[in-house]
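# An overview of the molecular structure
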Amino acid sequence: MAVMTAPAPVKAEAGVSPKSRRKIRDNLTGHAFLIGAVLCFALFMWYPMIRGLVMSFQRTRRGVTTWVGWDNYLRIIDDPSFWIAWKNTFYFTGLALIVGFAVPFFVAIVLNEFRHAKGYLRVLVYLPVMLPPASALFLFKYYAYDPSEAGLFNAVLTWLHLPTSEWMQSPTMTMPAMVIASTWMNMGGAVLIYLASLQNISGDLYEAAELDGAGVWKRIWHVTIPQTRLILALLAMMQIVATMQLFIEPLILANGAGTQDSATSVAYLIYQHGFFQNDLNGAAALGVIMLVVLAAFSAVYLRLSTKD
């Protein structure tokens, strides 16, 4: 008698579930958008950085490129303008931290106290940021910093019976004048960031401080500054990195180097090597040095913020 056997179970057809297919499709869409950004970064940031690093160890003469090692760096460091540029750059950065970092914070504190016309005042403060930097600097150069009594600042000084200044023609006033112009042009964004941070501070803290007899300055010192400490530290680091790349201010206000090289910055010295002296390898070496210095500042900031 034949024995009937049960048919073997049919294996489920291997495949991808609809949920997995949808997840793969979403990931592919996200990666497709990401590829464009990666290509832009690779073409316009990473490649120039790597190319500049390679060029800093080379020398090109009459179309012939040779490997010279550290010669470009030694030649740049031996140039007296190198140390003058770094001194001016650090001087500008220090003045910018004293003036350009403190002014936006206190402007934000004042604006935060207004109960009316807040929108109008914010637009008024942010308006200089919307102006093209070159236009704003030419306005300062030919209107505000005119060394005659027709200049805006000299007219105000004359009205106050104070001595006038030659501004950009004076070696001692060149850097302070550039800091004033740079602060006016760029403080609008910082003011808005500070305003957003100030509005997140609980009013109970100010009421408690006021009940304890704290005045305005004590409330700022013991409440406002501690509550905005992280934003202050972040913008301070961003300002150091930005101000150390000082370029357009000396280029327009001081015609480059300024009186007695009082306005020569590291970024302008790179421009001078590359476009006036046709020394692209020296400019690349100076750019690498500047990159290392800025990276060191950033590393110190990240280290301190991690500990914090």
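Residues numbered from 1 in each chain as written. Predicted model: local features only at pLDDT ≥ 70, side-chain atom pairs only at ≥ 80, totals over all residues. Heavy atoms only, no water.

Naming follows an unreviewed UniProt entry, where the chain appears as Sugar ABC transporter permease of Actinoplanes flavus. UniProt, in its Sequence similarities (unreviewed entry) section for the chain, records the words "Belongs to the binding-protein-dependent transport system permease family." In its Subcellular location (unreviewed entry) section, the UniProt entry covering the chain states "Cell membrane". (UniProt positions renumbered as here; feature names shortened; annotations may be inferred.)

## Some thoughts on the UniProt feature "transmembrane region" (unreviewed entry) in the chain
Here, the residues flagged by UniProt with the feature "transmembrane region" (unreviewed entry) are residues 28-47, 90-111, 123-144, 175-196, 230-248 and 283-302. Between the end C-alpha atoms of residues 90-111 there is a gap of 31 Å, over a span that is 95% helix and 0% strand. Annotation note: span residues 175-196, helix share 100%, strand share 0%, distance between end C-alpha atoms 31 Å. (Helix = DSSP H or I, 4+ residues; strand = E, 2+ residues; numbered from the N terminus.)

## Quick look at the packing of aromatic side chains
Aromatic rings considered in pairs are described by the distance between their centres and by the relative angle of their planes. Enumeration according to the criterion identifies 23 aromatic pairs in this entry. Residues phenylalanine 140 and tyrosine 145 carry aromatic rings whose centres are separated by 5.5 Å and whose planes lie at 50 degrees to one another, so their mutual orientation is tilted. The same class applies to phenylalanine 140 as to tyrosine 145, namely buried. (Phe/Tyr/Trp six-rings, centres within 6.5 Å; stacked < 30°, edge-to-face > 60°. Buried < 20%, exposed > 50% of the residue type's maximum accessible area, 1.4 Å probe, protein only.)

## Some remarks on the pattern of salt bridges
Scanning the entire structure with this criterion turns up one salt bridge. For aspartate 279, the salt bridge goes to arginine 75, with nearest N and O atoms at 2.7 Å. Note that aspartate 279 is positioned in the loop between helix H13 (266-276) and helix H14 (280-307) and arginine 75 in helix H2 (residues 71-78), a separation of 204 residues in sequence. According to the relative accessible area criterion, aspartate 279 is buried, its value standing at 7%. (Salt bridge = Lys/Arg side-chain N within 4 Å of Asp/Glu carboxyl O.)

## Thoughts on a nonpolar patch on the surface
Nonpolar side chains collect at one region of the surface, where Leu34, Val38, Phe41, Leu43, Phe44, Met45, Trp46, Met49, Ile50 and Leu291 lie side by side and expose about 1000 Å² of accessible area between them. Top contributing element to the nonpolar patch by residue count: helix H1 (residues 18-55), with nine residues. (Patch = residues over 30% accessible without salt bridge, like charges linked within 9 Å, V, L, I, M, F, W, Y side chains within 5 Å. Areas by Shrake-Rupley, 256 points an atom, 1.4 Å probe, with all protein chains shown as cover.)

## Quick word on the packing of helix H9 (residues 203-211) against helix H10 (residues 216-227)
At a closest axis distance of 10 Å, the pairing of H9 and H10 adopts a crossing angle of 160 degrees. As judged from the angle between their axes, H9 and H10 are roughly antiparallel. In this structure, the crossing between H9 and H10 has a hand that is right-handed. Taking contact as the criterion, the partners of Leu205, Tyr206, Ala209 and Glu210 in H9 are, on H10, Arg219, Val223, Thr224 and Gln227. Counted by class, the contact of H9 with H10 contains four nonpolar, two polar and two charged residues. (Axes fitted to C-alpha atoms, helices over the stretch in contact; angles between N-to-C directions. Parallel < 35°, antiparallel > 145°, perpendicular 65-115°, else oblique. Left-handed = near helix turned anticlockwise from the far one by under 90°. Contact = heavy atoms within 4.5 Å. Nonpolar A, V, L, I, M, F, W, Y, C, P; charged D, E, K, R; others polar.)

## Topic: the layout of surface pockets
Over the atoms, a rolled probe matching the size of one water molecule traces out where space is still vacant. Approximately 490 Å³ is the volume found for the largest pocket. Lining the largest pocket are 24 residues, with Ser182, Asn186, Gln239, Ala242 and Thr243 positioned closest to its centre. Of all the elements in the fold, those that place two or more residues in the lining of the largest pocket are helix H3 (80-100), helix H8 (174-198), helix H11 (229-243) and helix H12 (248-253). For the lining of the largest pocket, the leading source of residues is H8, giving nine residues. Its volume calculated, the second largest pocket comes out at about 420 Å³. Pro48, Met49, Gly52, Leu53 and Gly287 are, among the 15 residues lining the second largest pocket, the residues nearest its centre. For the lining of the second largest pocket, the secondary-structure elements that each account for two or more residues are H1, H13 and H14. Per-element accounting of the lining of the second largest pocket gives the leading share, seven residues, to H1. (1 Å grid on protein atoms, 1.4 Å probe; cavity = no way out; pocket = protein on both sides within 12 Å on 5 of 7 lines; lining within 4 Å. Points joined across faces, edges and corners; volume = space filled by probe spheres on them.)

## Describing the pairing of strand S1 (residues 58-61)
Sheet topology note: the S1/strand S2 (residues 64-67) ladder contains four bridges and is antiparallel. Following the sheet pairing, arginine 59 is matched in S2 by threonine 66. In this antiparallel pair of consecutive strands, S1 and S2, the connection spans two residues, and arginine 62 shows a positive phi of 55 degrees. (Pairing = 2+ DSSP bridges.)

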